[in-house]
Amino acid sequence: MLTLAACAAPSVGVMGGRSGSTVVGAYAFDVNFKGSQAEAYRSNIVLRPKASEVFAAGVTAIEQISGCRVAPNSVRGDVAMVQAEILC
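In short, a report on the structure. (Residues numbered from 1 in each chain as written. Predicted model: local features only at pLDDT ≥ 70, side-chain atom pairs only at ≥ 80, totals over all residues. Heavy atoms only, no water.)

As for the side chain of Glu39
Positionally, Glu39 belongs in strand E3 (residues 37–42). Despite its burial, Glu39 remains without a salt bridge, the nearest opposite charge being carried by Arg76 at 6.8 Å. At 2.2 Å, the side chain of Glu39 forms a polar contact with the side chain of Tyr41. (Helix = DSSP H or I, 4+ residues; strand = E, 2+ residues; numbered from the N terminus. Buried < 20%, exposed > 50% of the residue type's maximum accessible area, 1.4 Å probe, protein only. Lys, Arg positive; Asp, Glu negative; His and termini not counted. Salt bridge = Lys/Arg side-chain N within 4 Å of Asp/Glu carboxyl O. Polar contact = N/O pair within 3.5 Å; in protein donor to acceptor, adjacent residues only side chain to side chain.)

With respect to the pairing of strand E6 (residues 81–87)
Across 5 bridges, E3 lies against E6 in antiparallel orientation. Paired with Gln37 across the strands is Glu85, a residue of E6. Pairing of strand E4 (residues 69–70) with E6, which is carried by 2 bridges, proceeds in the antiparallel orientation. Note on E6: the bridge partner recorded for Arg69 is Leu87. Where strand E5 (residues 76–77) and E6 come together, 2 bridges link them in antiparallel fashion. If you follow Arg76 over to E6, its bridge partner there is Gln83. Linkage of E5 to E6, two consecutive antiparallel strands, is achieved through a turn of 3 residues. (Pairing = 2+ DSSP bridges.)

Here it is as structure tokens:
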């Protein structure tokens, strides 16, 4: 379990920023954001999640928690972590 908790640790770019948790559809996320950077870590187990669904849900999670819009064409990551630039 300790290994899983370490995976949700914020990266250097968002360390010391604000955070929150939310559920979007079938996906639960822990979101960290600071300045113009945000990260959404998927925190639940889903068998073979679809990348397109995770990315869409991650964007929604980032926008819900940060209160900012995700910048177009800034989304990157994988089915475990979605990163994006935010416009506040």
